[in-house]
Structure formats: structure tokens, C-alpha cells
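A closer look at the structure
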Amino acid sequence: MQNTLSEQKSLYLKQHENNPVNWQAYSDEVFEKAKQLNMPIFFSIGYSSCHWCHVMAHETFENQVAAEILNKYFIPVKIDREEFPGVDKRYQFYLHATGKRGGWPLSVFTLPDGRPFFGGTYFPPKPTHGLPAFTEIVVQLGKLYRENQKEAEKYANNFDAFMQKFTSFEGCMNDLRDFDFHTASEDFSKMFDAEFGGLGRDAKFPNIPVLNAMLYYYDTDLYVRDFMNLTADMLCTSGIYDHVNGGFYRYAVDRQWTVPHFEKMLYDNAQNAVFLLQMYERTDNMLYFRIAEKTIDFILHEFNTDFGLIAAMDADSLSDDGKLVEGYYYLYTENAMAPVRELVSLQEGVVNVNEADYENYVRLEKHFDLLKDTNTREKPAKDTKIILSQNMLFCKALLKMFEVSGKEYYLEQASALMNKMRHFHMEGGTLFRVNYAGEVMAHVTLEDYAYTIDTLLEFLHVTKERNFLTEAAKLTQRALDIFTKDGLIYLDIDKTVADTFDDSMPNPIGVFAGLLLNYGEALGVEDYGKIMDYAADRLIKYASGHPTLFSNFMRYIN
């Protein structure tokens with residue numbers, strides 16, 4: 001075997017085309033070859049702008065010795081998670097089920113049929129911080145499969161048994177009559193960081209699905225209101241936002257939100273902008289509106305192409321000596337901030353604004369514009385793939401901006417983007433997930449259907465044009481045809497992944513269930529009871545992991 005990634009369109013895969021690892025792209029042929037050779041598979045899953053994916057690539061996958069060891073024991077498969085979200089969901093859930101934290105790069109070792117028997121995320125080249133060296137793991141697991149294959153199969157079978165038990169259910173939607181939504185909401189509030197905003201006590205991700213669920217309690221719960229205001233303030237002033245250039249970074253590495261990981265993702269910026277606009281509607285805080293508008297304008301300027309909006313900008317950028325350094329493009333000195341020093345602080349070169357004050361922020365923007373215009377460093381690379389679901393998220397942000405501001409420009413931009421998606425991603429009732437400069441990848445996922453239908457209904461709400469409902473109804477029926485089996489709906493057309501948990505984006509099953517709940521009759525769907533029964537069962541048993549289902553059932557019940 002040899003490395004075949006040069007044949008791929010994905011930037012993430014092409015970043016690894018010169019590795020000495022014999023990478024294969026994800027395909028049915030990989031499983032056929034693995035079964036034929038009776039070799040286990042190593043899946044490495046990530047995305048092009050992922051900083052730690054780059055680190056593991058440089059440390060391990062570019063190393064000749066490490067590559068030879070991996071090639072000896074496994075068939076190595078490289079997957080762009082943005083192309084195959086269902087595959088990523090499947091193996092991320094495996095990590096969580098085995099008591100590990102998920103993330104990227106995702107490293108999973110499987111039987112020839114793809115069933116996992118060990119996994120993790122980043123592994124270092126040498127043992128450090130309690131993590132074993134990658135090559136040690138490969139040798140141990142490779143020998144386990146060669147010398148004691150039944151033991152590896154036992155691990156995989158144990159997970160299969162767990163999944164069968166975990167996904168089984170006997171309840172039904174009627175059980176929600178006894179479900180205490182208020183108590184469930186307290187499970188979310190237990191995650192709040194009341195001192196610094198956001199969720200948890202370490203790295204800060206916006207986690208918009210949870211914030212959206214908590215919007216239902218904004219007007220009735222003072223604790224929730226204070227937390228939401230604080231979180232919105234942090235989004236607008238902290239280092240997770242690029243105050244100089246515009247746009248949100250992926251997340252902050254510290255509890256105080258001061259220092260980010262610097263990749264910028266389309267889906268983060270779309271969701272963060274909508275959340276801030278929703279907060280503006282509740283507070284009249286002009287800073288929320290201003291940051292939302294700047295975010296949307298940044299995406300329209302930096303991510304826009306003739307084929308749609310691209311997926312991401314990288315975290316790393318070239319330094320003056322030609323090396324890739326995380327965040328290099330965005331870092332500033334104390335001297336650069338001297339004219340506005342009383343209004344900002346620098347954390348490891350990252351700009352943070354001291355006060356959530358609209359008037360002062362407007363004063364700062366003149367200086368930020370000057371820094372942007374005089375920055376001669378090379379911009380980070382862009383991943384130019386166009387992803388249908390993420391473009392739909394941004395369409396909703398544009399429609400929300402039009403609703404809140406009344407500016408026709410944003411409705412025009414939303415309509416133009418929708419027409420691009422129709423042209424490149426839609427053929428009859430089939431929605432294709434990705435296009436590369438107009439060249440479509442023939443892959444479909446529930447995520448793209450759910451988000452597109454949701455956006456079409458938002459167009460209906462904003463414009464009152466009935467053709468959007470007709471289009472949404474057609475796609476809903478198509479989704480039911482290709483993603484359901486025995487009354488349940490799956491994330492993939494193979495009908496193997498029924499994960500309902502939210503992550504950084506609303507879970508597609510949660511979104512689709514909400515569409516059926518609240519628009520089922522209008523969409524012409526008569527029988528969707530089992531989908532709702534399963535959704536209700538997931539919410540009742542694991543409420544804190546299902547903010548999207550929580551929001552949609554709350555909306556339905558109210």
C-alpha cells in the first residue's frame with residue numbers, strides 16, 4: 001500500500017499527502033482490503049485548521065520510524081471530520097463511552113470491519129503528562145490483534161453490547177407529561193461559571209446549544225439572566241473575539257477567556273452572531289449588536305466565494321522566519337496598544353477589552369482599524385471547502401440580522417447565499433454535503449437536510465413566501481426516505497449512527513425532531529411517532545446532554 005491522499009480534494013487530507021504513512025481515504029474499499037488482509041485499521045480524524053492535528057502530524061506522521069511502525073501493524077485511514085460528520089460522531093461517542101474526553105485529532109484503532117477496540121485523541125511522540133508514546137500504543141495494539149485477536153474482538157463486542165443497551169428505549173413522548181423541565185434546566189445551570197461566564201472551569205467554548213436552551217429562562221430567572229449577560233459580555237470583550245480583524249476564534253484555552261486557540265470556523269461565527277442578536281433583543285445592549293454585525297461582515301468579507309462560504313481559517317500562520325506559529329498573525333505588543341492602553345489589556349499578545357461598554361468600544365475601533373490596515377504579516381491559510389449545513393447556519397444569521405436591523409442588505413445576502421447552495425448542492429431532493437470550488441462531493445448527511453429545512457422555514461417566517469414551505473416539505477420527505485429505518489432516524493445513510501447528543505453544533509436529530517414537532521403538519525408528515533418517542537427518551541434520561549431537544553420540546557409544549 002502507499003499514501004493515496006494526493007488524489008483527494010480535502011485540504012486536511014492533502015496536508016498529509018507527503019507523509020511516509022500509507023494513508024488511505026475513507027471508503028468502502030478500505031474495509032474490503034482490511035478484511036481481505038485481516039488487518040486492523042487506524043483512523044485519524046481531524047480538520048485542516050486544527051492546531052493539535054498539525055502538532056501530531058509534525059511530531060509523528062512526518063516521522064519515518066513512526067510511520068513504518070504504523071504501516072506495519074495497521075491500515076492507516078485519514079478522515080476529514082467535516083466531510084464525514086457521522087463517522088466522527090460514531091468514534092467520538094466511543095471515546096466518551098470509554099471514559100475519555102473527545103476532541104481532535106481523534107485517534108481510533110478498530111477491527112477490519114471498523115468496530116473500535118481502543119481510542120484517544122492526541123498522542124505524543126514520547127511519554128509525557130501521563131500519555132503514552134504513540135508508537136508504543138501502536139506496537140501494543142498491533143501485537144494484541146496479531147497474537148490475541150479474540151481479545152481485541154472482545155473489547156469491540158463489549159462496546160457493541162453497551163451501545164445496544166444504551167440506545168434501547170421503551171418509553172414514549174407521552175412520558176414528557178411527567179418530565180420536570182425546570183429541574184432539567186437546573187442541570188444546565190450547574191455547568192455555569194458564575195464568575196467568568198461560560199460553562200465549566202477550564203477551557204471556554206461558547207457552547208451555543210446550551211445558551212439557546214437557557215434563553216427560555218432569561219426573563220424569569222435572575223441567576224440565568226445574570227449569567228447570560230456575563231457570558232455575552234465575555235464573548236464581546238475577551239480574547240475569544242478578534243477585536244482587530246473581526247470574527248470569533250474557536251475557543252479560549254483558559255477559564256478567563258483571555259487566550260484563544262486561533263482557528264476561525266464558519267459554524268462558530270454563525271452561531272455566536274445569532275446568540276448575540278438574541279441577547280440584544282432582550283437587553284438593548286448595543287455592544288452585542290455591534291459585535292454580531294462585525295462578525296457577520298467579517299465572514300462576508302473573508303469567507304465569501306463564488307461557490308459559497310468557506311469552512312475555516314487556520315490557527316497557525318507564517319512567522320517572519322518562515323515557520324508556522326499558532327496565532328502569529330494576531331499577536332500584538334504593549335507598544336502597539338499604547339494609544340488605548342487604559343481600555344485594553346494584552347494576554348500573551350492577545351487583545352482583551354477591559355470594559356463591556358459600547359461607547360468605549362466604538363472609540364477603540366479606530367485604533368483597531370489602524371492596526372489591521374498596517375499589519376504586513378501573512379494571513380493564515382483558509383480551508384476553501386464549502387459545507388452545506390454550515391452555510392445554512394450562516395443564512396440564518398443573515399436573516400436574523402435583517403430582522404433585528406431592518407437592513408435589506410442582509411436579506412439580499414441571505415437570498416444570494418441560498419441560491420448558491422441550490423445551484424451547487426441541491427439536485428432534486430438530494431442535498432450534497434461539500435463542494436470544492438464547484439466540484440461536488442457525492443456524500444449526504446442528515447445534518448445538511450436538517451439545517452437546510454430549518455433555514456427554509458426561517459426564510460418562510462421572514463419573507464412569508466410559500467415556496468420555501470413547499471421546498472422544505474419536499475426535503476423533509478426525502479430525509480425520511482433515506483435516513484430512517486424501523487421508525488428511527490439516523491445521521492448517516494448507512495443508518496448506523498443514532499447519536500442525539502449536542503456538541504459545538506445542534507445535533508441534527510435534535511433539529512429534525514424539532515422540525516417535525518413544530519411544523520410536522522405543515523411539512524406534510526403524518527407519522528413520526530417513533531422518532532419523537534426516541535427523542536423524548538433521550539431527553540428524559542440525559543437532559544444535560546440534549547439542549548437542542550430541550551429547546552424544541554419546550555417550544556412545542558409552550
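Look a little higher up for the structure.
Presented here is an overview of the structure given in this document. (Residues numbered from 1 in each chain as written. Predicted model: local features only at pLDDT ≥ 70, side-chain atom pairs only at ≥ 80, totals over all residues. Heavy atoms only, no water.)

Digging into the nonpolar core
Note the threshold: Nine residue types can take part in a nonpolar core, namely buried Ala, Val, Leu, Ile, Met, Phe, Trp, Tyr and Cys, and a core is a set of them joined through side-chain atoms within 4.5 Å. Summary of the burial criterion: residues with accessible area below 20% of their type's maximum are buried, those above 50% are exposed, and those between are partly exposed, where the area comes from a 1.4 Å probe applied to protein chains only. Whether two residues are in contact is decided by their heavy atoms, any of which lying within 4.5 Å being enough.
Core analysis: the largest hydrophobic core is formed by 195 residues, its most contacted members being Met 228, Phe 275, Leu 276, Phe 394, Phe 512 and Phe 553. When residues no more than four places from it in sequence are discounted, the contact partners of Phe 394 are Leu 266, Ala 270, Ile 296, Ile 299, Leu 300, Leu 309 and Leu 417. Ranked by size, the runner-up nonpolar core spans five residues in total, among them Phe 169, Tyr 490, Ala 498 and Tyr 534.

Here we look at helix α14 (residues 388–405)
For clarity, the cut-off: Strands here are runs of E lasting at least two residues and helices are runs of H or I lasting at least four, both read from the DSSP assignment and numbered beginning at the N terminus. The length a helix should cover is 1.5 Å for every residue beyond the first.
Taking 1.5 Å per residue, 18 residues should reach 26 Å; α14 reaches 26 Å between its end C-alpha atoms and fits that length. Among the 18 residues in α14, 14 count as buried, and that is most of the element. Remark: Gly 406 follows α14 within two positions and exhibits a positive phi of approximately 75°.

Comments concerning the pattern of salt bridges
Filter applied, for reference: Here, a salt bridge means any Lys or Arg side-chain nitrogen found within 4 Å of an Asp or Glu carboxyl oxygen.
With the rule as written, the count across this model stands at 33 salt bridges. Salt-bridge contacts for Asp 193 lead to Lys 204; the nearest nitrogen and oxygen are separated by 2.9 Å. Placement of Asp 193 in the loop between α8 (181–189) and α9 (208–214) and of Lys 204 in the loop between α8 and α9 is noted, with a sequence separation of eleven residues between them. Residue Asp 193 shares its accessibility class with Lys 204, and that shared class is buried. A salt bridge links Glu 195 to Arg 255; the nearest nitrogen and oxygen atoms lie 3.3 Å apart. Of this pair, Glu 195 sits in the loop between α8 and α9 while Arg 255 sits in the loop between β6 (251–252) and β7 (260–261), and the two are 60 residues apart along the sequence.

Description of the sheet that holds strand β3 (residues 75–80)
Test applied: Two strands qualify as a pair provided that DSSP identifies no fewer than 2 bridges between them.
Strand order in the open sheet formed by five strands is β1-β3-β2-β4-β5, with mixed pairing between adjacent strands. Each of the sheet's edge strands pairs with one partner strand only, and the pair in question is β1 (24–25) and β5 (116–120). Where strand β4 (residues 106–110) meets β5, four bridges bridge the pair, whose relative direction is antiparallel. Residue pairing across strands places Ser 107 opposite Gly 120, the latter belonging to β5.

Regarding the pairing of β3
With six of six residues buried, β3 is to be regarded as a mostly interior element. Side chains of β3 alternate between two faces, with Ile 75, Val 77 and Ile 79 and Pro 76, Lys 78 and Asp 80 buried alike. Where β1 and β3 come together, two bridges link them in parallel fashion. Note on β3: the bridge partner recorded for Ala 25 is Lys 78. Where strand β2 (residues 41–46) and β3 come together, six bridges link them in parallel fashion.

What about the packing of aromatic side chains?
Defined as follows: Pairing of aromatic rings covers Phe, Tyr and Trp, the last counted by its six-membered ring, and requires centre-to-centre distances within 6.5 Å; plane angles under 30 degrees mean stacked, over 60 mean edge-to-face, and any other angle means tilted. For a Lys NZ or an Arg CZ to count as sitting over a ring, it must be within 6 Å of the ring centre and within 35 degrees of the ring normal.
On inspection of all chains with the given rule, the structure shows 45 aromatic pairs. Aromatic pair Phe 123 and Phe 134: ring centres 6.5 Å apart, planes at 40°, arrangement tilted. With Phe 123 in the loop between β5 and α6 (134–147) and Phe 134 in helix α6, this residue pair connects regions lying eleven residues apart in the sequence. There is no split in this pair, since Phe 123 and Phe 134 are both buried. Taken together, Trp 23, Phe 42, Phe 61, Phe 74, Phe 109, Phe 118, Phe 123 and Phe 134 form an aromatic cluster joined through their ring pairs. The side chain of Arg 538 reaches across the aromatic face of Phe 166, ending 5.1 Å from its centre.

Examining unusual backbone geometry
Glycine aside, residues mostly have negative phi, and peptide bonds are mostly found in the trans state. The peptide bond linking Trp 104 to Pro 105 adopts the cis configuration, its omega dihedral lying at 5°. One non-glycine residue, Lys 495, adopts positive backbone phi at about 60°. Inspection of the secondary structure puts Lys 495 in the loop between β21 (488–489) and α18 (508–519). A relative accessible area of 23% means that Lys 495 is categorised as partly exposed.

Some details on helix α20 (residues 547–557)
Of all eleven residues in α20, eight are buried, a share of seventy percent or more. Buried positions along α20 lie against α8, α9, α18 and α19 (529–541).

Some thoughts on a negative patch on the surface
Note the following rule: Within this analysis, patches are made of residues with over 30% relative accessible area and no salt bridge. Like charges are joined at 9 Å or less; nonpolar side chains (Val, Leu, Ile, Met, Phe, Trp, Tyr) at 5 Å or less. Throughout, the Shrake-Rupley method with a 1.4 Å probe supplies accessible areas, and for residues the shown protein chains are the sole cover considered. In summary, the charge assignment counts Lys and Arg as positive and Asp and Glu as negative, without counting His or the chain termini. Note that the charge is assigned to NZ on lysines, CZ on arginines, CG on aspartates and CD on glutamates.
Taken together, the side chains of Asp 28, Glu 29, Glu 32 and Asp 494 make up a negatively charged region of the molecular surface. Residue placement: Asp 494 occurs in the loop between β21 and α18. On the basis of relative accessible area, Asp 494 is assigned to the exposed category, the value being 59%.

Considerations on the state of the cysteines
Heads up, the condition is: Disulfide: a pair of cysteine sulfur atoms within 2.5 Å of each other.
Summed over all chains, the structure comprises one disulfide. Across a sulfur-sulfur distance of 2.5 Å, Cys 50 and Cys 53 are joined as a disulfide pair. Across the S-S bond of Cys 50 and Cys 53 the torsion is about 80°, and the bridge reads as right-handed. Accessibility expressed as a relative area gives 4% for Cys 50, which makes it buried. On the basis of relative accessible area, Cys 53 is assigned to the buried category, the value being 2%.

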